[in-house]
Amino acid sequence: MSELGALLRKARNEKGLSLDDIQELTKIRKRYLEAIESGDHSVLPGTFYVRAFVKNYSEAVGLDPDEVLRLYQHEVPAPAVEPTTEPIPVRKPRKVKSGASERLGKIGFNVVMWCFLILIVVVIWYFAFNKDNKSPGKVDDTKITENSNPPEPTTNTSAPPVSPTPPPPTKAPATVTFNSKVGNVDMYDIGPAGVNHKVELKVKGGRNWVGVQEGSKSGKKLYYTNVEDGEVLTFDLTTRLYINVGRADFTEIWIDGVLVPDGDRSSSKQLLINPLMEEGAQGEDGASGGETEGGGEAPDSITGE
């Protein structure tokens, strides 16, 4: 196995991904991925595809593709250089104005000027002629009689007073409380109970791999691919969410405006977000809303106040 293949395989194992998962993310055939890990580039269709496949593989496991190609350039064939030729500038022939064209231009200009003057004279004559032929306005000869009925007074019907609508109830601020750490997974309890919370994942600083699953690592996949820089993913926190990011420093996790601490480091991070439920209510996994997997009261708490 080559050094490059060992690096890619180690990064893939750290994320808990199989070659089938990488094939699904990068759309590269599995046998090509196995060839990259073993260092047998003769299986790949060409030198261009070697660099492209290594770059896509690196992005899928959270590595910097340009840095990987730079460090292991002795294993990856260099791209083919195409000869470039500079275009020879072609001078456009200068247009030579003939004497005939200049004379025609002067004649056209004079014709336009005379037409403009004639148009002004016609407009002035038209308005002056219509002003003299205007008929005097008619005088209103309507007779006012004593029997004319005065207008009836209008009654002011005021609309009934509208009672002001009460303001909507304010939503209690969210609380993010660290519960416990199980292996590499940090568990957080989200309160208050009985409130609909919203989770936002913001990718900043570069392309990042994000996986979101219901309940646990083996739960239903809600999102499982790379996210471009600047994108925001939103999820309703109605049940536990297992969140796995390729680089914690490229991802911010917010719950109702409260930032969840994820270590802000250049390696991967796994979190389990648990929404608290009202007393007596049972979640989908059968756990009471007031209890957490780690047990006991957690010392660290973050609120949205």
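Keep in mind it's a predicted model, so treat the numbers as computed, not measured. (Residues numbered from 1 in each chain as written. Predicted model: local features only at pLDDT ≥ 70, side-chain atom pairs only at ≥ 80, totals over all residues. Heavy atoms only, no water.)

**Notes on helix α4 (residues 47-60)**
Along an α-helix, a turn takes 3.6 residues, which lines up residues three or four apart on a common side. Taking 1.5 Å per residue, 14 residues should reach 20 Å; α4 reaches 20 Å between its end C-alpha atoms and fits that length. Listing the buried residues of α4 in full gives Val50, Phe53, Val54, Tyr57, Ser58, Glu59 and Ala60. On its buried face, α4 is in contact with α1 (3-14), α2 (19-26), α3 (30-38), α5 (65-71), β4 (208-214) and β5 (221-227). (Helix = DSSP H or I, 4+ residues; strand = E, 2+ residues; numbered from the N terminus. Expected span 1.5 Å × (residues − 1). Buried < 20%, exposed > 50% of the residue type's maximum accessible area, 1.4 Å probe, protein only. Contact = heavy atoms within 4.5 Å.)

**Focus on the environment of Lys15**
Inspection of the secondary structure assignment puts Lys15 in the loop between α1 and α2. The buried category is assigned to Lys15, whose relative accessible area is 7%. When the C-alpha atoms of Lys15 and Lys269 are compared, they prove to be 9.2 Å apart, with 254 residues separating the residues in sequence.

**Regarding unusual backbone geometry**
What is expected of a backbone is that most residues other than glycine have negative phi and most peptide bonds are trans. The peptide bond linking Gly191 to Pro192 adopts the cis configuration, its omega dihedral lying at -5 degrees. Here Lys27, not a glycine, exhibits a phi torsion of approximately 65 degrees, which is positive. Mapping Lys27 onto the fold places it in the loop between α2 and α3. The exposed category is assigned to Lys27, whose relative accessible area is 69%. Positive phi, close to 55 degrees, is recorded for Asp256, a residue that is not glycine.

**Focus on the packing of aromatic side chains**
A full pass over the atoms with the stated rule returns 6 aromatic pairs. Ring plane angle 15 degrees and centroid distance 5.6 Å describe the contact between Trp125 and Phe129, whose orientation is recorded as stacked. A residue pair is termed a helical-turn pair when its members lie 3 or 4 positions apart in one helix, as Trp125 and Phe129 do in helix α6 (residues 99-132) at 4 residues. On the basis of relative accessibility, which here comes to 43%, the residue Phe129 falls in the partly exposed class. Plain terms: the ring middles of Trp209 and Tyr224 are 5.1 Å apart, the flat faces sit at 80 degrees to each other, and that makes the pair edge-to-face. A residue pair is termed long-range when its members are at least 10 positions apart, and Trp209 in strand β4 and Tyr224 in strand β5 qualify at 15 residues. (Phe/Tyr/Trp six-rings, centres within 6.5 Å; stacked < 30°, edge-to-face > 60°.)

**Concerning the sheet that holds strand β3 (residues 197-203)**
Ordered in space as β6-β3-β8-β9, the 4 strands form an open sheet in which the pairing is antiparallel. The open sheet has two free edges, formed respectively by β6 (232-237) and β9 (258-260), since each of these has just one partner strand. Within the sheet, the average angular offset between the axes of one strand and its neighbour, ignoring direction, is 25 degrees. Direction of pairing for strand β8 (residues 251-255) relative to β9: antiparallel, over a ladder of 3 bridges. Following the sheet pairing, Trp254 is matched in β9 by Leu259. (Pairing = 2+ DSSP bridges. Axes fitted to C-alpha atoms, helices over the stretch in contact; angles between N-to-C directions.)

**What about the side chain of Asn179?**
Tracing the chain through its elements places Asn179 in strand β1 (residues 175-182). What makes Asn179 buried here is its relative accessible area of 9%. Here the side chain of Asn179 touches Ser180 through a polar contact of 3.3 Å, side chain to side chain. Separated by 2.9 Å, the side chains of Asn179 and Asp189 make a polar contact. (Polar contact = N/O pair within 3.5 Å; in protein donor to acceptor, adjacent residues only side chain to side chain.)

**Concerning a nonpolar patch on the surface**
Taken together, Trp114, Phe116, Leu117, Ile118, Ile120, Val122 and Ile124 make up a surface patch of nonpolar side chains, about 730 Å² in accessible area. Locating Val122 in the fold gives a position in helix α6. (Patch = residues over 30% accessible without salt bridge, like charges linked within 9 Å, V, L, I, M, F, W, Y side chains within 5 Å. Areas by Shrake-Rupley, 256 points an atom, 1.4 Å probe, with all protein chains shown as cover. Salt bridge = Lys/Arg side-chain N within 4 Å of Asp/Glu carboxyl O.)

**A closer look at the packing of α3 against α4**
Two numbers describe how α3 lies on α4: the axes approach to 11 Å, and their chain directions differ by 90 degrees. As judged from the angle between their axes, α3 and α4 are roughly perpendicular. Of the residues in α4, those in contact with Tyr32, Leu33, Ile36 and Glu37 of α3 are Phe53, Val54 and Tyr57. For the contact of α3 with α4, the class distribution of residues is 6 nonpolar, no polar and 1 charged. (Parallel < 35°, antiparallel > 145°, perpendicular 65-115°, else oblique. Nonpolar A, V, L, I, M, F, W, Y, C, P; charged D, E, K, R; others polar.)

**Brief notes about the confidence of the model for the protein chain**
Summing up the model confidence of the protein chain, the mean pLDDT is 77 and the portion of residues at 70 or higher is 71%. Note on residues 82-86: pLDDT is under 50 here. Beyond four places in sequence and across chains, it has 0 contacts. Contacts of residues 286-302 to residues separated by more than four positions or lying in other chains number 36 contacts, the stretch itself having pLDDT below 50. (pLDDT = per-residue confidence, 0-100.)

**Thoughts on the environment of Lys269**
Among the secondary structure elements, Lys269 is positioned in strand β10 (residues 269-275). According to the relative accessible area criterion, Lys269 is buried, its value standing at 6%. Residues Lys269 and Asp249, spaced 20 residues apart in sequence, show a C-alpha to C-alpha distance of 9.5 Å. Apart from residues no more than four positions distant in its own chain, Lys269 is found in contact with Lys181, Asp186, Ile243, Asn244, Val245, Ala248 and Asp262.

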